[in-house]
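Report on the structure
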Amino acid sequence: MRKKTAPGRKMRKPSKKPLTSSHGGKAPKSSRASVSRAGKPTLWDQASRWYDSLVGMSGSDYHRTILMPGVLRMLELKAGRCVLDLACGQGVLSRYLLQKKLKPEGLDSSEQLLRMARSRSEKSIPYHLGNAGDTAILEGKKFDGVACILAVQNMENIESVLKNVARWLKPSGKFVMVLTHPCFRIPRQSNWGWDEDKKTGYRRIDRYANEMEIPILTPPFVDKDNFTMTYHRPLQSYFSALLKAGLCVDSMEEWVSDKESEPGKRSRGENRARKEIPLFMAIRAVQSASKNKE
Ligand SMILES: C[S@@+](CC[C@H](N)C(=O)[O-])C[C@H]1O[C@@H](n2cnc3c(N)ncnc32)[C@H](O)[C@@H]1O
């Protein structure tokens, strides 16, 4: 998926100025919220039709071949166990988990994406509308596993989200989150290059260590007000937020793309580079009961 981005900004000192898209336009404050407030559409509500064209009923190629089978394997759950699909979008993972005999529930802050999720799923899957960082959300609910695919980077305050994950998990319950690899896939701050001497593709990284807010324009690209937000964080931010929430990392995997270049002069070097530099990172953490007594 090729994304158009607007210049990144550091997260620690959010600018008071309106965001400027890569087309030089101003993003109105009203459309910046990533979470629904008093019925106002979220950034993902306005991006829902575009996102649905990429993911649809059963997921993108990556969802089907890498992400969902990987998450299922890492959750290590027996049939009949309850799983929360955190930031479920239009319910692609929830439907997959139901097929695999698990009992999924979905949570998302986009009303539009949830409408699609409900209309395409079995009635047995409950979908909840709300902000994953809200302290009262899904009060009293407990799950054997929580899975979050390609969404942690769209959440502004992961500390409160991860605290909720710890609250929702049963003792020893597992949390699996998959994100585009934060070391190698930083929108606007990383890209593929080609080394003619070595005849190999390489990944150039311009910025990594500081947290950044990066608006990503969504179609129609001519409309500068249509964007979603990516929050880049270095690995240490994820690990320290997990630890702070009482979630203990017990497994980490890095998954490469399964795409191949069209045959040509560079295809061998490009394919080799793609197999060396991971596209996704999956982290599994377990609820550490001692830190999270009720
Ligand atoms: C890239 S989409 C991924 C959706 C889905 N997991 C998938 O793989 O198709 C990111 C999702 O995160 C949701 N999201 C962003 N911030 C959220 C928050 N604070 N609480 C709940 N959902 C949120 C958006 O509404 C959107 O559905």
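This paragraph deals with the overall build of the chain. Within the chain, the regular secondary structure consists of eight helices and 13 strands. For the chain, with 294 residues in total, the buried portion stands at 37%. Long-range contacts, defined here as pairs at least 24 residues apart, represent 66% of the contacts in the chain between residues at least 6 apart.

Moving on: helix α5 (residues 111–120). Restricting attention to buried positions, one finds in α5 the residues Q112, L113, L114, M116 and A117. Those residues of α5 hidden inside the fold are in contact with α1 (43–46), α2 (48–55), α4 (92–99), β4 (103–108) and β5 (127–129).

Bringing the sheet that holds β4 into the picture now. Taken in spatial order, the seven strands line up as β5-β4-β3-β6-β7-β13-β12 in an open sheet, and their pairing is mixed. The strands lining the two open edges of the sheet, one partner per strand, are β5 and β12 (247–255). With strand direction ignored, the average angle separating the axes of adjacent strands in the sheet is 20 degrees. Here strand β7 (residues 169–180) runs beside strand β13 (residues 280–287); their pairing, made up of seven bridges, is antiparallel. Opposite K174, over in β13, you have V286 as the bridge partner.

Glancing now at the confidence of the model for the chain. Residues at a pLDDT of 70 or more form 84% of the chain, whose mean pLDDT is 87. This model gives residues 290–294 a pLDDT under 50, and the stretch forms four contacts once residues within four places in sequence are excluded.

This part covers the site of the ligand. Near the ligand there are 21 residues, and of these W44, A87, G89, S110 and A132 occur at the shortest range. The class makeup of the residues in the shell around the ligand is twelve nonpolar, eight polar and one charged.

Counting buried positions along β13 yields seven of eight residues, so the element is predominantly enclosed. Two elements, β12 and β13, share eight bridges in a ladder whose sense is antiparallel. Bridge pairing in β13 places C248 opposite V286.

The next subject is the pairing of β4. For β4, the buried fraction is high: five of the six residues fall into the buried class. Sheet topology note: the strand β3 (residues 82–86)/β4 ladder contains five bridges and is parallel. Bridge pairing in β4 places L84 opposite E105. The handedness of the β3 to β4 crossover, carried by α4, is right-handed. Relative to β5, β4 runs parallel, the two being bridged by three bridges. Looking at the pairing, G106 lines up with Y127 of β5. Traced from β4 through α5 to β5, the parallel crossover comes out right-handed.

Attention shifts here to the environment of I277. For I277, the location among the structural elements is in the loop between α8 (267–276) and β13. The class of I277 is partly exposed, set by 19 C-beta atoms lying within 10 Å. Linking I277 and Y202, residues 75 residues apart in sequence, is a C-alpha distance of 8.3 Å. For I277, the contacting residues outside a window of four places in its chain are F184 and R203.

As a packed pair, helix α6 (residues 158–168) and helix α7 (residues 235–244) sit with axes 8 Å apart at the nearest point and diverge in direction by 45 degrees. The orientation of α6 relative to α7 falls into the category oblique. The handedness of the crossing between α6 and α7 comes out as right-handed. Contact with α6, carried on its side by I158, E159 and L162, involves A241, L242 and K244 of α7 and no other residues of that element. Across the contact of α6 with α7, the residue classes break down as four nonpolar, no polar and two charged.

This paragraph deals with unusual backbone geometry. Generally, phi is negative for residues other than glycine and the peptide bonds are trans, each holding for most cases. Residue L138 is not a glycine yet carries a positive backbone phi of 55 degrees. With respect to the element layout, L138 can be found in the loop between β5 and β6 (143–149). On the basis of neighbour counts, which here come to 18 C-beta atoms within 10 Å, the residue L138 falls in the partly exposed class. A positive phi angle, close to 70 degrees, is found at R188, a residue other than glycine. By the element assignment, R188 lies in the loop between β7 and β8 (190–195).

The rules we used
- Residues numbered from 1 in each chain as written.
- Predicted model: local features only at pLDDT ≥ 70, side-chain atom pairs only at ≥ 80, totals over all residues.
- Helix = DSSP H or I, 4+ residues; strand = E, 2+ residues; numbered from the N terminus.
- Buried ≥ 20, exposed ≤ 12 C-beta atoms within 10 Å, placed from the backbone.
- Contact = placed C-beta atoms within 7 Å.
- Pairing = 2+ DSSP bridges.
- Axes fitted to C-alpha atoms, helices over the stretch in contact; angles between N-to-C directions.
- pLDDT = per-residue confidence, 0-100.
- Near = placed C-beta within 6 Å.
- Nonpolar A, V, L, I, M, F, W, Y, C, P; charged D, E, K, R; others polar.
- Right-handed = clockwise from strand over helix to strand, strands pointing away.
- Parallel < 35°, antiparallel > 145°, perpendicular 65-115°, else oblique.
- Left-handed = near helix turned anticlockwise from the far one by under 90°.

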